[in-house]
Amino acid sequence: MYCPFCQNPDTKVIDTRISDDGHSIRRRRECPKCGRRFSTVETATLLVRKRSGNVEQFDRNKVVAGVRKACQGRPINEDDLKQLGQKVEESLRAQGIAEVPSEQVGKAILKPLRELDEVAYLRFASVYQNFEDLNDFQRAIDDLREAE
Ligand SMILES: [Zn+2]
């Protein structure tokens, strides 16, 4: 692995640690040339299978982009969205499978979004779950009330 500071092609691993959740390995490395240290994180690839059958790498930014529209005009900032993307990735990784269907990604968004903002949640759920009429909204609102 190249040193990110001086591009020296040879770096040395000085420490290896498994993350608390067991889903990643963190390596501390040192460059023998410039002496600087940096960390790398190794995780299993997480793939998303789209309805079309295409498989692509899971991308937090896509999660955020998908949710952003539902959050318009709500008191939600970029950090909130970033955290939401992280929570979605963590919950998918916690399932311990390498390839998840895209519907599963949508599902994983609902819970943290609900905790973040109920209006944004309703907007997102209405699109994602194909709400057809007011009754669908009413049911979702009843669920939210019950959870309070
Ligand atoms: Zn270096």
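Bear in mind the structure is a predicted one, so any value in this text is a computation, not a measurement.

Re the overall build of the chain
So, point 1. Secondary structure assignment for the chain yields 5 helices and 6 strands.
So, point 2. Taken over the C-alpha trace, the chain has a radius of gyration of 20 Å; the compact-globule value for 148 residues is 15 Å, which it surpasses by more than 25%.
So, point 3. Its C-alpha atoms put the chain at 65 × 35 × 25 Å along the principal axes.
So, point 4. Taking all 148 residues of the chain together, the buried fraction comes to 30%.
So, point 5. Within the chain, contacts between residues separated by at least 24 positions form 42% of all contacts whose residues are at least 6 apart in sequence.
So, point 6. For the chain, the accessible area works out to roughly 10100 Å², and carbon and sulfur atoms hold 46% of it.
So, point 7. Positive and negative side-chain charges in the chain, numbering 26 and 25 respectively, have mean positions lying 8 Å apart.

A short note on helix 1 (residues 60-68)
So, point 1. For helix 1, the full list of buried residues reads Val-63, Val-64 and Val-67. All buried residues of helix 1 lie within an arc of 95° about the axis, which places them on one face of the element.
So, point 2. The N-terminus of helix 1 is capped by Asp-59, whose side-chain oxygen sits 2.9 Å from the backbone nitrogen of Asn-61.

As for the nonpolar core
So, point 1. By size, the foremost hydrophobic cluster in this structure holds 27 residues, and its most contacted members are Phe-58, Val-67, Val-88, Leu-92, Val-105, Ile-109 and Leu-113.
So, point 2. Listing elements by their share of this core, those giving two or more residues are helix 1, helix 2 (78-94), helix 3 (102-116), helix 4 (118-128) and helix 5 (134-147).
So, point 3. Other than its neighbours up to four places away in sequence, Ile-109 contacts Val-63, Val-67, Leu-84, Val-88 and Phe-124.

With respect to the environment of Leu-46
So, point 1. The residue Leu-46 is located in the loop between strand 3 (37-43) and strand 4 (47-49) in this model.
So, point 2. With a relative accessible area of 3%, Leu-46 lands in the buried category.
So, point 3. Taking C-alpha positions, Leu-46 is 20 Å from Arg-27, a pair spaced 19 residues apart along the chain.

Quick notes on unusual backbone geometry
So, point 1. Positive phi outside glycine occurs at Gln-7, with the angle close to 65°.
So, point 2. With respect to the secondary-structure elements, Gln-7 resides in the segment before strand 1 (12-18).
So, point 3. Of note, Asn-130 is a non-glycine position whose phi angle comes to about 50°, a positive value.
So, point 4. Checked against the element boundaries, Asn-130 lands in the loop between helix 4 and helix 5.
So, point 5. Residue classification places Asn-130 among the exposed positions, given a relative accessible area of 54%.

Description of the UniProt feature "domain: ATP-cone" (unreviewed entry) in the chain
So, point 1. The feature "domain: ATP-cone" (unreviewed entry), as annotated in UniProt, sits at residues 46-136 in this numbering.
So, point 2. Between the end C-alpha atoms of residues 46-136 the distance is 32 Å, and the span holds 60% helix and 10% strand.

Section: the environment of Ala-70
So, point 1. Checked against the element boundaries, Ala-70 lands in the loop between helix 1 and helix 2.
So, point 2. Sequence separation between Ala-70 and Leu-113 is 43 residues, and the spatial gap between their C-alpha atoms is 9.9 Å.
So, point 3. In this structure Ala-70 touches Ala-120, Arg-123 and Phe-124, once residues within four positions along its chain are discounted.

Topic: the sheet that holds strand 4
So, point 1. Across the sheet, which stays open at both edges, the 3 strands sit in the order 5-4-6 with mixed pairing between neighbours. Either end of the sheet is taken by a strand with one partner, and the two such strands are strand 5 (55-57) and strand 6 (99-101). Each strand of the sheet is rotated relative to its neighbour by a mean of 30°, with strand direction disregarded.
So, point 2. Pairing analysis gives 3 bridges linking strand 4 to strand 6, with the strands arranged parallel. Note that in strand 6 the partner of Val-48 across the bridge is Val-100.

Cut-offs applied
Residues numbered from 1 in each chain as written. Predicted model: local features only at pLDDT ≥ 70, side-chain atom pairs only at ≥ 80, totals over all residues. Heavy atoms only, no water. Helix = DSSP H or I, 4+ residues; strand = E, 2+ residues; numbered from the N terminus. Rg over C-alpha atoms; globule rule 2.2 N^0.38 Å. Buried < 20%, exposed > 50% of the residue type's maximum accessible area, 1.4 Å probe, protein only. Contact = heavy atoms within 4.5 Å. Areas by Shrake-Rupley, 256 points an atom, 1.4 Å probe, with all protein chains shown as cover. Lys, Arg positive; Asp, Glu negative; His and termini not counted. Charge placed at Lys NZ, Arg CZ, Asp CG, Glu CD. Arc of directions from axis to C-beta. Polar contact = N/O pair within 3.5 Å; in protein donor to acceptor, adjacent residues only side chain to side chain. Core = buried A, V, L, I, M, F, W, Y, C linked by side-chain atoms within 4.5 Å. UniProt positions renumbered as here; feature names shortened; annotations may be inferred. Pairing = 2+ DSSP bridges. Axes fitted to C-alpha atoms, helices over the stretch in contact; angles between N-to-C directions.

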